[in-house]
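# Chains, contacts and geometry: an overview
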Amino acid sequence: MSFSKTRTRITRTLAAVASVAALTFILLPAQAAAGLNIVATTSSLGALAREIGGDEAEVRVLAPPDRDAHYLDARPSFMAALRRADMLLELGAGLEEGWLPAAQRGANNRAINSGQPGHFRAADKVELRRSITMDGPNMGHVHEEGNPHFNADPLRMAELALALGQRMGELRPDDAEAFVQRAEAAAESLREHAEKLAERVEPDQRIVVYHEDLDYLEEWLPVEIVGYLEPAPGIPPTARHLRSLVDDLEGTEGTVLYAEFQPPRGAEFLERNLGWPTHAVPLDPPADSGLDGYLELMSTWAQALPQR
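Residues numbered from 1 in each chain as written. Predicted model: local features only at pLDDT ≥ 70, side-chain atom pairs only at ≥ 80, totals over all residues. Heavy atoms only, no water.

## Considering the pairing of strand E7 (residues 255–259)
The side chains of a regular strand alternate between the sheet's two faces. Counting buried positions along E7 gives five out of five residues, so the element sits mostly inside the fold. Burial of E7 is two-sided: the residues Thr255, Leu257 and Ala259 facing one way and the residues Val256 and Tyr258 facing the other way are all buried. Both strand E5 (residues 205–209) and E7 contribute to a ladder of three bridges, which runs parallel. Its bridge partner lying in E7, valine 208 is registered against valine 256. Note: E7 against strand E8 (residues 278–281), four bridges, orientation parallel. Pairing of leucine 257 across the sheet is with histidine 279, part of E8. (Buried < 20%, exposed > 50% of the residue type's maximum accessible area, 1.4 Å probe, protein only. Helix = DSSP H or I, 4+ residues; strand = E, 2+ residues; numbered from the N terminus. Pairing = 2+ DSSP bridges.)

## Some thoughts on the sheet that holds strand E2 (residues 57–61)
On the basis of which strands lie adjacent, the open sheet formed by four strands has the order E2-E1-E3-E4 and parallel pairing. The strands lining the two open edges of the sheet, one partner per strand, are E2 and strand E4 (119–121). Strand-to-strand twist in this sheet, taken as the mean axis angle between neighbours without regard to direction, amounts to 20°. In this sheet, E2 lies alongside strand E1 (residues 36–40) in parallel orientation, the contact comprising five bridges. Counterpart to leucine 36 in the pairing with E2 is alanine 57. Against the sheet, helix H2 (residues 43–53) contacts E1, E2 and strand E3 (87–90), and its axis sits at roughly 175° relative to E2. (Axes fitted to C-alpha atoms, helices over the stretch in contact; angles between N-to-C directions. Contact = heavy atoms within 4.5 Å.)

Right under this line is the structure:
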């Protein structure tokens, strides 16, 4: 083989190696930037995951915060997101049972199936309040494990942050120390903010709520749930039930709270007949929130009540 041909072949080989190296250099940072691909069912879970994951995680939230997470459809977009996920975060205890299992099946991603390290069921990490759906008639879900709406309790969310940081570290050992440190900082922020807000609220507050989705306010604020706008879980307010509430609570002071996506008619009836102020509040932070969004949500709940 002539020297000219040999030199040409070597040049081509070196060029090919350089191209591969350049492509690798381009792709690896992109993969690193992607980090841990997390899908969370609710934005409260998403906020924790973003805070703990930092730049080492990407987070997608499935349930819009202005919708009732009980009643969603297993959309193709949910399945597509779950198909690419390294980790699935769900509240559990039956909250997402109407749509999440179907979305998981459609995703066909073994890594996030029940029992796999990539499946994180938050209800397994905290102690739940008893659910009122277990008592008397209801027209929908029965939460036999307990009340799944513990995202309204920052103290349980603090416990959850620690467990989540640990699990994320198990999936990405190289980032485990950072995940755990951020989780500990998040837990401390949640506890401190809860304590400050509770101190500002007038003690012995009485509240009526629409559903059991705000019951966990009793766990960290000086409030007592004294009634529900629903006559039974899943049943819309009736005139007879609302009149009964008015009769029971007449002559007392309190506040009516309900979720922004719930109908206001029942709350307005109590406001007219009892003089109790009413507030429509979000149950979750904005879908793209980090921890600051959840802390602001806590403030919204507390500020709906009379302050010292």
